[in-house]
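# Inside the fold
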Amino acid sequence: MTYFSPEFPVMDGRRVVSRRFTFIVADRDGRPPVVDASLHYRDDDPYAIAMVLDGGPAGPVEWTFARDLLVEGLVQAAGLGDVRVAPAVEVAGAAAIELTSPDGTATLLGSSDELAGFLRSTFAVVPVGCEGDHLPLDGALAALLRSESH
């Protein structure tokens, strides 16, 4: 896992969108705890969003999922794997991000408006439908062709 700090909006010449969020952890008895996290989007990985959860003493924990998953999940339930996103049924104006690992499942509730604002910022960096224009395919193809010619 790679962790990149939200304090560095440009990494290696790439444009990065980073935002801090506070999520409520649902599915707990009593008052729900909160977890701080940051979402990151890089133009050199245009299909993905990295969500870095503050892990306390254990350090940060990173989840990577498709930008389209978050887009769809703000409107209707989306996702079949370890990350699922849906409008929160129990909290108006919130989205539920469900994270599943071998250690269990956690559901994080966050503001739909704030998540949508983050997505709008990513669209300003790489518009929907233009993701392929930002993949480093030319360099990878050239390296592959060089290796095959030797």
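Coordinates for the structure precede this section.
Residues numbered from 1 in each chain as written. Predicted model: local features only at pLDDT ≥ 70, side-chain atom pairs only at ≥ 80, totals over all residues. Heavy atoms only, no water.

### Quick notes on the overall build of the protein chain
Tallying secondary structure elements over the protein chain gives 3 helices and 8 strands in all. In the protein chain, the proportion of contacts linking residues at least 24 apart, taken out of those at least 6 apart, comes to 38%. Roughly 8,900 Å² of accessible area belongs to the protein chain as shown, and the carbon and sulfur atoms make up 56% of that amount. (Helix = DSSP H or I, 4+ residues; strand = E, 2+ residues; numbered from the N terminus. Contact = heavy atoms within 4.5 Å. Areas by Shrake-Rupley, 256 points an atom, 1.4 Å probe, with all protein chains shown as cover.)

### A word on the packing of aromatic side chains
Inspection of the entire model under this criterion finds 2 aromatic pairs. Chaining the aromatic ring pairs together yields one cluster made of Phe21, Phe23 and Phe118. (Phe/Tyr/Trp six-rings, centres within 6.5 Å; stacked < 30°, edge-to-face > 60°.)

### Comments concerning the pattern of salt bridges
Inspection of the entire model under this criterion finds 2 salt bridges. We note a salt bridge from Arg20 to Asp54, for which the minimum N-O separation is 2.9 Å. Remark: Asp54 occurs in the loop between β4 (48–53) and β5 (61–66) and Arg20 occurs in strand β2 (residues 14–25); sequence separation between them is 34 residues. (Salt bridge = Lys/Arg side-chain N within 4 Å of Asp/Glu carboxyl O.)

### Some points on the environment of Gly56
Of note, Gly56 is situated in the loop between β4 and β5. Considering only alpha carbons, one finds Gly56 and Asp36, 20 residues apart in sequence, at a separation of 9.9 Å.

### Some points on the side chain of His40
Inspection of the secondary structure puts His40 in strand β3 (residues 34–42). With a relative accessible area of 1%, His40 lands in the buried category. (Buried < 20%, exposed > 50% of the residue type's maximum accessible area, 1.4 Å probe, protein only.)

### Notes on the nonpolar core
Counting 28 residues, the largest nonpolar core has Phe23, Met51 and Leu70 as the members making the most contacts within it. Elements that contribute at least two residues to this core include exactly β2, β3, β4, β5, α1 (67–73), β6 (83–87), β7 (94–101) and α2 (112–125). Those residues within four positions of Met51 in sequence are excluded, and the remaining contacts are Phe23, Ser38, Leu39, Val61, Glu62, Trp63, Phe65, Ile97, Leu99 and Leu108. Among the nonpolar cores identified, the runner-up in size contains 5 residues, and Ala26, Ala88, Ala94 and Leu109 belong to it. (Core = buried A, V, L, I, M, F, W, Y, C linked by side-chain atoms within 4.5 Å.)

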